[in-house]
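# Chain and residue survey
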Amino acid sequence: MTCPRCGVTGILDVQFDYRAVARRLTRGALARRSDCSQWRYRELLPIGAWARLPALAVGWTALGPAPALARRVGVRTLYLKDDGRNPSASLKDRASAVAAVKAVEARRRTIACASTGNAASSLACMAAALGLKAIIFVPERAPEPKLAQLLMFGATVLRVRGSYDAAWNLCQRACERWGWYNRNAAVNPYLVEGKKTVSLEICEQLEWRPPEWVAVSVGDGCTIAGAWKGFREMRELGLIRRAPKLLGVQAAGAAPVTEAFRSGAALKPVEPHTLADSIAVGVPRNWKKAVDAVRESGGTMLNVEDEEIEEAMRTTGRLAGVFAEPAAATSVAGLARAVKEGIVPRRAAALAVITGNGLKDTRAALAAAPRPIDVPPDLAAVEAALER
Ligand SMILES: Cc1ncc(COP(=O)(O)O)c(C=O)c1O
């Protein structure tokens, strides 16, 4: 899976014959396709014509304007791409679906990954749909709802005493030892291919005029690298004229990628501290791809505090009706900060990718939310409470 010369740090890049793809993947051809899932972009996915696909609705998630939230964030137009609507409720389904299809293609019966939660639950979901056995390494602090998903999808769950990084190393060694198909984004080049479909959809759903800025939260870096590959390929195919600038957003307590972006030096691992568990990554393996993607797009990276993430969770829910998990609301928080700092102009159109649903981490949601009002079953008490 990785470059034989560079070892585990040399993640491969899937390339296509874009001239051949351009002949078939046209705006007109897409308009005639009835497949409302990420598989509608078959020509740009590394899977065979007869590949067995999971019978789940992966991708083609809702995209719409959020005018009240746009006013709050401070931009002219704000779109939300709600990837919390995927089968296991996160963007990771796009990648896990491709990985599971590749595992079947490679005639493996077992597929494994280490994850802070979403990659794991999505892999367990896709493995269940394709009849594969999933073995998942999770760090101790994975939120319970994500753990519940894993167990319900029938995965074998190994809860590793230690951080995400410890879980990752253990999974890596186990895959080598037992020959399981490895879904880890740090080594598997096909995951980017699944993740890029979010951008293909953004282009098509916005009638080939993507906004000037697209905000994506960053943990390991694979998601934003995938998002950029999608926009780059759309441009290469002539389906869009201009690709958006990417705004990569990290939590201030786990921001080694932003640091590498700013310094231009190699990544320095950190001890992550943030409520946004999905992006609490101290040793991101795709940092270089992420940094290159943001640079190439002409965009930038910034960090937000946990309080800004909580505020974004509340406003995204209250003003747009979209329930985002902390890592997902991080993109909205980042946009708000980017506007304040004059990075994203107020007249700009922007899009925030909501990478996971808020039900995935109800403890974080309840900590960020206002308290309910306790009342006795009595109308006068309701009136008094409402007046207060
Ligand atoms: C909800 C959510 N948002 C953002 C990310 C960040 O993606 P990446 O780790 O590929 O940078 C993740 C990764 O787990 C995630 O689950």
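In short, a report on the structure. Chains are numbered independently. Their residues run from 1 in the order of the written sequence. Totals for whole chains, interfaces and linings use every residue, but because this is a predicted model, local features are given only for residues with pLDDT of at least 70 and side-chain atom pairs only at 80 or more, for both listing and counting. Side-chain numbers here rest on the full set of heavy atoms in the structure, without hydrogens or water.

### Topic: a nonpolar patch on the surface
Taken together, Ile373, Val375, Leu379, Val382 and Leu386 make up a surface patch of nonpolar side chains, about 520 Å² in accessible area. When you line up the elements, Ile373 lands in the loop between α15 (362-368) and α16 (379-387). Assessed through its relative accessible area of 58%, Ile373 is described here as exposed. Patches here: salt-bridge-free residues with over 30% relative accessible area, like charges joined within 9 Å, nonpolar side chains (Val, Leu, Ile, Met, Phe, Trp, Tyr) joined within 5 Å. Accessible areas in this description were obtained via Shrake-Rupley with a 1.4 Å probe; residue shielding takes into account the shown protein chains only. A carboxyl oxygen of Asp or Glu within 4 Å of a side-chain nitrogen of Lys or Arg is what we treat as a salt bridge. Strands are runs of DSSP state E lasting at least two residues, helices are runs of H or I lasting at least four, and both sets are numbered from the N terminus onward. Any residue under 20% of the maximum accessible area for its type is buried, any over 50% is exposed, and the rest in between are partly exposed; the area is computed with a 1.4 Å probe on protein chains only.

### Some remarks on the environment of Arg346
You can see Arg346 is positioned in the loop between α14 (326-340) and β10 (349-354). Sequence separation between Arg346 and Glu387 is 41 residues; the distance between their C-alpha atoms is 37 Å. Residues are treated as being in contact if the distance between any of their heavy atoms lies within 4.5 Å. Leave out the neighbours within four places in its chain, and Arg346 touches Gly74, Val75, Arg76 and Val339.

### Some points on the environment of Arg318
Position of Arg318 relative to the elements: it lies in helix α13 (residues 306-320). When its relative accessible area of 57% is taken as the criterion, Arg318 is described as exposed. Sequence separation of Arg318 and Leu150 is 168 residues, and the distance between their C-alpha atoms is 29 Å.

### Remarks on helix α11 (residues 256-263)
Where α11 is concerned, the buried positions are Pro256, Val257, Thr258, Ala260 and Phe261. Residues of α11 that are buried sit in contact with β8 (245-251), α12 (287-297) and β9 (300-304). Positive backbone phi, approximately 75°, marks Gly264, located one or two places after α11.

### Here we look at α14
Over its 15 residues, α14 runs 21 Å from end to end, which matches the ideal 21 Å to within 8%, given 1.5 Å per residue. With respect to burial, α14 is a largely interior element, 12 of its 15 residues being buried. Following α14 by one or two positions, Gly342 has its phi on the positive side, about 75°. Residue count minus one, scaled by 1.5 Å, sets the expected span of a helix.

### Some details on the sheet that holds strand β2 (residues 77-82)
Strands pair in a sheet through their backbones, by hydrogen bonds, and they do so in one of two ways: parallel or antiparallel. Pairing between strands is defined by DSSP: at least two bridges between the two strands are required. On the basis of which strands lie adjacent, the open sheet formed by six strands has the order β1-β2-β10-β7-β8-β9 and mixed pairing. Each end of this open sheet is capped by a strand with a single partner; those strands are β1 (63-65) and β9. Strand-to-strand twist of the sheet, defined as the mean angle between neighbouring strand axes without regard to direction, takes the value 25°. Of the strand pairs in this sheet, β2 and β10 are connected by six bridges, and their pairing is parallel. Paired with Thr77 across the two strands is Ala349, which belongs to β10. Between the N-to-C directions of two axes lies an angle of 0 to 180 degrees, each axis being a line fitted to C-alpha atoms and, for a helix, fitted only over the stretch in contact.

### A look at the pattern of salt bridges
The tally for this structure, following the rule as stated, stands at 21 salt bridges. Linking Lys196 and Glu233 is a salt bridge whose minimum nitrogen-to-oxygen distance equals 2.7 Å. Of this pair, Lys196 sits in the loop between α8 (190-195) and α9 (197-205) while Glu233 sits in helix α10 (residues 222-236), and the two are 37 residues apart along the sequence. Considered together, Lys196 and Glu233 belong to a single accessibility category, that of buried residues. With a shortest N-O distance of 2.9 Å, Glu233 and Lys229 are connected by a salt bridge. Here Lys229 and Glu233 lie together in helix α10, a separation of four residues that amounts to about one turn. Here the two residues Glu233 and Lys229 agree in accessibility, since each one is buried.

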